[in-house]
Amino acid sequence: MKAAIILHGGAGDWNEYNQDKAKKILEKAANIGIKILKKGGSSLDAVEKSINLLEDSGYFDCGLGSVTQNDGKIRMDAGIMDGFSLKCGSVAAIENIKNPISVARKVMEKTNHCLIVSKYATKFAVQNGFKTMKIRPKQAFKSEHSSDTVGAVAVDMKGRIAVGNSTGGVYGKMIPGRVGGSPIAGAGFYANEYAGAATTGVGESFIRTVMSKHAVDISKEKPLKNVVESALRTIKQKTGCNGGIIILNKKGNFAAHYTTKAMPWVYKKE
Ligand code: GLY
């Protein structure tokens, strides 16, 4: 069984220079993931550790690069799922923690729950050994480039698929405490024994269409290229939104598609 990983840095308004820079960071993240997979490590580890690098880079809308909500606060969301067991864990509106994807994994592995929110998510993180830190708002972020959620899907040598998302949410006017699709299993991310998918864009559009689950379901019958194209066509038709999606199946086949200006992504196979 061959291992593989695909990562994206968010669908958005990237210019060529920023896209190149993003791709270089995504390459580094994918290398971390593929190194884990080559050694026989799990797809969950590959997804978590590669997303950690993106969260720490400060270059994407997640972790240290998260955008602010309209009350000036940073609240982040993340979710992770193991396709084999269908276990998942998420945090939403978590504050002052730089690696929400790792807290999401703790929710999955240490609790019987799927989603913990707001100050309770931060409290849960601290109880599980995460340090709190002030994440400085990146006010200039939007003027440099506009991106969104990061996501990753990996398959390990046992053929187990994992998927994860991490985001600072959508920039701009919104009600503080609003949560998009990124930490919602089935909407922003989903994996089963055959495939895993992660989405990026206006989270509400992926919640309304339960798009990640839908994409994974239809990937059994359709070529992956058709799956991602039809997913974003439906999003546009039903919600008027643009976005992006990546999908990877057990054989290591993949597809990536976006209807925004750009979506940097990287795929690596062992
Ligand atoms: N995709 C990020 C969000 O809607 O919050």
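Here is a short report on the structure shown in this document. (Residues numbered from 1 in each chain as written. Predicted model: local features only at pLDDT ≥ 70, side-chain atom pairs only at ≥ 80, totals over all residues. Heavy atoms only, no water.)

Moving on, we get to empty space enclosed by the protein. A full pass over the atoms with the stated rule returns two cavities of 30 Å³ or more. There is about 90 Å³ of room inside the largest cavity. Lining the largest cavity are 16 residues, and of these T149, G181, S182, G201 and G203 lie nearest its centre. Mapped onto the lining of the largest cavity, the elements with two or more residues apiece are β8 (195-201) and α6 (203-209). Top contributing element to the lining of the largest cavity by residue count: β8, with three residues. Split by residue class, the lining of the largest cavity holds two nonpolar, 11 polar and three charged. Roughly 40 Å³ of volume is contained in the second largest cavity. Forming the walls of the second largest cavity are Q69, R75, D77, G168, G169, V170, M174, R178 and G180. (1 Å grid on protein atoms, 1.4 Å probe; cavity = no way out; pocket = protein on both sides within 12 Å on 5 of 7 lines; lining within 4 Å. Points joined across faces, edges and corners; volume = space filled by probe spheres on them. Helix = DSSP H or I, 4+ residues; strand = E, 2+ residues; numbered from the N terminus. Nonpolar A, V, L, I, M, F, W, Y, C, P; charged D, E, K, R; others polar.)

With that settled, consider the site of the ligand. What surrounds the ligand is the set D148, T149, T167, G169, V170, R178, G180, S182, G201, V202 and G203. In the environment of the ligand, a nitrogen atom lies 2.8 Å from a nitrogen or oxygen atom belonging to the side chain of D148. With respect to the ligand, the backbone of G201 contributes an N or O atom lying 2.6 Å from a nitrogen atom. Burial of the ligand by the protein chains amounts to 98% of its free accessible area of 200 Å². (Near = heavy atom within 4 Å. Polar contact = N/O pair within 3.5 Å; in protein donor to acceptor, adjacent residues only side chain to side chain. Areas by Shrake-Rupley, 256 points an atom, 1.4 Å probe, with all protein chains shown as cover.)

Before going further, it helps to examine the packing of helix α3 (residues 100-110) against helix α4 (residues 118-127). With their axes 10 Å apart at the nearest point, α3 and α4 run at an angle of 80° to one another. Classified by the angle between their axes, α3 and α4 sit roughly perpendicular to one another. For the pair α3 and α4, contact is made by V103, K106 and V107 and by A121, F124 and A125, respectively. Taken together, the residues of the contact of α3 with α4 sort by class into five nonpolar, no polar and one charged. (Axes fitted to C-alpha atoms, helices over the stretch in contact; angles between N-to-C directions. Parallel < 35°, antiparallel > 145°, perpendicular 65-115°, else oblique. Contact = heavy atoms within 4.5 Å.)

What follows concerns the packing of aromatic side chains. Under the counting rule described, the total for this entry stands at five aromatic pairs. Note on F254 and Y267: the rings are 3.9 Å apart at their centroids and 15° apart in plane angle, and the pair reads as stacked. Of this pair, F254 sits in strand β10 (residues 254-258) while Y267 sits in strand β11 (residues 265-269), and the two are 13 residues apart along the sequence. Judged by its relative accessible area of 31%, F254 is partly exposed. Above the ring of Y194, the side-chain terminus of K220 is found at 4.0 Å from the ring centroid. (Phe/Tyr/Trp six-rings, centres within 6.5 Å; stacked < 30°, edge-to-face > 60°. Buried < 20%, exposed > 50% of the residue type's maximum accessible area, 1.4 Å probe, protein only. Lys NZ or Arg CZ within 6 Å of the ring centre and 35° of its normal.)

So, about the sheet that holds strand β9 (residues 243-249). If you walk across this open sheet you meet the four strands as β7-β8-β9-β10, and the pairing is antiparallel. Where the open sheet ends on each side, the last strands, each with one partner, are β7 (189-191) and β10. When the angles between neighbouring strand axes are averaged without regard to direction, this sheet yields 5°. In this structure, β7 lies alongside β8, joined through three bridges in antiparallel fashion. Residue pairing across strands places F189 opposite A198, the latter belonging to β8. Seen against the sheet, helix α7 (residues 211-218) touches β7, β8 and β9 and runs at an angle of roughly 145° to β8. (Pairing = 2+ DSSP bridges.)

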